[in-house]
Amino acid sequence: MQQAAVNILTANDRGGFTIPTSRLYPYQWNWDSAFAALGFARFDRLRAWTEIEMLFAAQWNNGMVPHIIFRSNDPDYFPGPDVWQSGTEPASSGHSQPPVATSVVRWLLENNAPEDREHAEHLFPKMLAYHRWFHNHRDPDNTGLVATIHPWESGRDNCPDWDSGLNGMDVDPDLGDYVRRDTSHVDASERPNQFQYDRFLTIIKVGRECQWNSQELYRKGPFLMVDPGIQFILLRADRDLLAMAREFGRPETELQEISAWIEKSSAASEKLWNEQARAYCALDLRSGHMSDAMTSASMLALYAKAGSDEHRNQLMERAGEILQEVKYAFPSWDPTHPKFEAKRYWRGPVWAIMNYMIARGLEEHNNLPMAQRVREDTEKLISQAGYFEYFDPLTGEGCGGDDFTWTAAVQLAIESNAKESN
Ligand code: GLC
């Protein structure tokens, strides 16, 4: 076991929940916590469950699990609870993040331990309510495509996937002056730019003004796009939820409800296929515009088993070409596309958590050589550069925050998966 990774998780533990890294991200984040639990599970099972239970403790009455949970007010972070004004206890942000938590819960059942099952069964109704929220509130017309109302909801904040939606909206003229905190902790050239940040805050202002009413945000909000990341992570999580529903003997109506989501989402995912990019891409529901390059989120079609076999095979072929362009898998944006930036956050860099899910999907499609390349590259990046937030796919340099929880957690998870398959 990598003691350094264990030390990072322990140091970032704030008493039952883990922060992604001190100063830059001093609160509990939704999908960061799910991955943290996966890391904790390798050395402290109970602590892993506590992480997920504290995440679901912040669930809203309508089922949503927020993307940030503010259990304190830390002046080092902006925008804090006073900007979001969720009106909830604990205070939180007003939208969600990719629902990877359900899949982590299922992975934690791998040892068939009765104590684990007890925790999972207890969490089941909360997970179901969370998935219902996604399907009903982010897809009120039941199209099978789950929308996202803010690039931060996707967890891939400034990916070029969102350029269309952000370019199509106006900045609120009354936004006022504000001071970003992120750029005082890490290099501004590696962060989202001001054009994007003004729009991020405009969406929050609209959300706050309608008290985060999801109908209103879906129908009239400034930004509405389909993220292949959320679409696929939710579809995978739906499959995991269904497996657990069967295992726990849940009522037939619930099994049917979840099966219907799976069928609908898998078929509707085909609408995200972009023939020219040979990948599943983001779709702007306001303008109809589709993004035009493969991302690490496109690759999650494998993990979700979404769309058609033929397109998933084409996706793997395209991935093979992309991997020839970079030293380290898997870039968050196509390196041959003019918008690629090797060090700027989600516009090129490698993220360990995406690699973890991509490798699982490749393995499940029997593409073992590519799965191995993705895993080995992840391990190399971490051992050479350290536990950074993300990495340059061309040079391997570590970027953003250091001593990062999910990077440490993924290293522990990969290490243990490797042991299991030996
Ligand atoms: C950034 C990332 C997001 C992550 C958060 C905390 O906003 O884009 O995915 O959850 O940081 O690590």
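Up top is the structure.
Description of the structure in this document.

Conventions we followed
Residues numbered from 1 in each chain as written. Predicted model: local features only at pLDDT ≥ 70, side-chain atom pairs only at ≥ 80, totals over all residues. Heavy atoms only, no water. Helix = DSSP H or I, 4+ residues; strand = E, 2+ residues; numbered from the N terminus. Contact = heavy atoms within 4.5 Å. Areas by Shrake-Rupley, 256 points an atom, 1.4 Å probe, with all protein chains shown as cover. Pairing = 2+ DSSP bridges. Disulfide = S-S within 2.5 Å. Buried < 20%, exposed > 50% of the residue type's maximum accessible area, 1.4 Å probe, protein only. Near = heavy atom within 4 Å. Polar contact = N/O pair within 3.5 Å; in protein donor to acceptor, adjacent residues only side chain to side chain. Nonpolar A, V, L, I, M, F, W, Y, C, P; charged D, E, K, R; others polar. Phe/Tyr/Trp six-rings, centres within 6.5 Å; stacked < 30°, edge-to-face > 60°. Lys NZ or Arg CZ within 6 Å of the ring centre and 35° of its normal.

Each helix and strand in the protein was counted, giving 18 helices and 10 strands. With respect to the three principal axes, the spread of C-alpha positions in the protein is 60 × 50 × 45 Å. A separation threshold of at least 6 residues defines the contact pool for the protein, and within that pool the share at least 24 residues apart is 71%. Working note: accessible area of the protein is about 15,400 Å², and carbon and sulfur atoms make up 46% of it.

Ordered in space as β1-β2-β3, the 3 strands form an open sheet in which the pairing is antiparallel. Two strands lie at the open edges of the sheet, namely β1 (28-29) and β3 (91-92), each paired on one side alone. With 2 bridges connecting them, β1 and strand β2 (residues 68-70) associate as antiparallel partners. If you follow Trp29 over to β2, its bridge partner there is Ile68.

Within this structure, the stated rule accounts for 0 disulfides. We note that Cys399 lacks a disulfide partner, and the nearest cysteine sulfur, in Cys159, lies 16 Å from it. Of the residues examined, Cys399 reaches a relative accessible area of 1% and is grouped as buried.

Attention now moves to the site of the ligand. The local shell around the ligand consists of Pro20, Tyr25, Trp29, Trp31, Asp32, Gln97, Gly155, Asp157, Tyr345, Trp346, Phe404 and Trp406. Between the ligand and Tyr25, the relevant distance is 3.3 Å, taken from an oxygen atom to a side-chain nitrogen or oxygen of the residue. Starting from 310 Å² of accessible surface for the ligand in isolation, the protein chains cover 96%. The residue inventory of the shell around the ligand, partitioned by class, reads 8 nonpolar, 2 polar and 2 charged.

So, on to the sheet that holds strand β8 (residues 283-284). Spatially, 3 strands are ordered β4-β5-β8 in an open sheet, and the strand pairing comes out antiparallel. Strand pairing shows two members of the sheet lacking a second neighbour, β4 (147-148) and β8, which therefore form its edges. Pairing analysis gives 2 bridges linking strand β5 (residues 225-226) to β8, with the strands arranged antiparallel. What sits directly across from Val226, in β8, is Leu283.

Per the counting criterion, the structure on display carries 33 aromatic pairs. Measuring from ring centre to ring centre gives 5.1 Å for Tyr25 and Trp29, while their planes differ by 70 degrees; the resulting arrangement is edge-to-face. The class of Trp29 is buried, set by a relative accessible area of 6%. Seen from their ring centres, Tyr27 and Tyr77 are 5.7 Å apart, and the 85 degrees between their planes marks the pair as edge-to-face. Taken together, the residues Tyr27 in the loop between α1 (3-11) and β1 and Tyr77 in the loop between β2 and α4 (81-84) connect sequence positions 50 residues apart. Taking the relative accessible area as the measure of exposure, Tyr77 reaches 12% and is therefore buried. One Lys or Arg, Arg180, reaches over the ring of Tyr197 and ends 3.9 Å from the middle of that ring. The residue whose ring lies beneath Arg360 is Trp107, and the NZ or CZ to ring-centre distance is 4.1 Å.

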